[in-house]
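Listed below are the residues making up each chain.
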Amino acid sequence: QLFRFACAPAFTTRCYGEGVQGLSLDYALPKKHDTCPVMPEGVEPLIRMRYGHFGCNVVHEDLSFANGVDVHACKMQIKAEVERVGGKLPAEHGHGTEYLAPPPTQARWMKADPLNMMNPGVGGTKVGHKYTGECGLSHHDCDH
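Description of the structure in this document. These numbers were taken from a predicted model, which means no experiment stands behind them.

About the thresholds
- Residues numbered from 1 in each chain as written.
- Predicted model: local features only at pLDDT ≥ 70, side-chain atom pairs only at ≥ 80, totals over all residues.
- Heavy atoms only, no water.
- Pairing = 2+ DSSP bridges.
- Helix = DSSP H or I, 4+ residues; strand = E, 2+ residues; numbered from the N terminus.
- Axes fitted to C-alpha atoms, helices over the stretch in contact; angles between N-to-C directions.
- Contact = heavy atoms within 4.5 Å.
- Buried < 20%, exposed > 50% of the residue type's maximum accessible area, 1.4 Å probe, protein only.
- Core = buried A, V, L, I, M, F, W, Y, C linked by side-chain atoms within 4.5 Å.
- Polar contact = N/O pair within 3.5 Å; in protein donor to acceptor, adjacent residues only side chain to side chain.

## Some thoughts on the sheet that holds strand β1 (residues 21-28)
- Sheet architecture is open: three strands sit in the order β1-β3-β2, paired in antiparallel fashion. In this open sheet, the two edge strands, each paired with only one partner strand, are β1 and β2 (47-52). In this sheet, adjacent strand axes meet at a mean angle of 15 degrees when their direction is disregarded.
- Examined bridge by bridge, β1 and strand β3 (residues 58-65) share eight bridges and lie antiparallel to one another. Note that in β3 the partner of tyrosine 27 across the bridge is valine 59.
- Where helix α2 (residues 71-84) meets the sheet, its contacts fall on β1 and β3, and the angle it forms with β1 comes to roughly 15 degrees.

## As for the pairing of β3
- Most of β3 sits out of view: eight of its eight residues are buried.
- Of the two faces of β3, both are covered, the one formed by Val58, His60, Asp62 and Ser64 as well as the one formed by Val59, Glu61, Leu63 and Phe65.
- In terms of strand pairing, β2 meets β3 through six bridges, oriented antiparallel. Counterpart to arginine 50 in the pairing with β3 is glutamate 61.

## Quick look at the nonpolar core
- Leu25, Tyr27, Met39, Leu63, Phe65, Ile78 and Leu89 are the most contacted members of the largest nonpolar core, which totals 15 residues.
- For this core, the secondary-structure elements that each account for two or more residues are β1, β3 and α2.
- The element that contributes the greatest number of residues to this core is α2, accounting for four residues.
- Excluding residues within four positions of it along the chain, leucine 89 makes contact with Leu25, Asp26, Tyr27, Ile78, Lys79, Val82, Glu83 and Tyr99.

## Brief notes about the side chain of glutamate 81
- When you line up the elements, glutamate 81 lands in helix α2.
- A residue is classified by how much of its surface remains accessible, and glutamate 81, at 15% relative accessible area, is buried.
- A polar atom in the side chain of glutamate 81 sits 2.8 Å from the side chain of arginine 84.
- If we skip the residues at most four places from it in the chain, glutamate 81 touches Pro37 and Val38.

Worth remembering: the numbers are spatial, not functional.
Here you go:
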């Protein structure tokens, strides 16, 4: 765990210092799966650092890309690849406003917070009072 807390800030500092784009992910892979998710064709990260939790297959990955690379498209490709092999992304740090949560997860949140006051827009729910208004995802990949 200490390794992660040293590497993650160093990775961010390096991206800023070199003027490149950074992407940090957490995902869980099936127990016997040990390969990196495939990148989109023609895209190679400048740096790819992987570290995880001993005893489970949660992986933290930091990737840096040259400017001009569509980092969101790379993230969605990695997500699709992780899910194709039976894994989950996100795995540890929640859906936030980056990832569409599964409908049962959204329904559970809506039941627990019917006024939508605690985390508006999380996991692709709508941002307004009682779940009205716009989709809360930063890239608007909502199926509403």
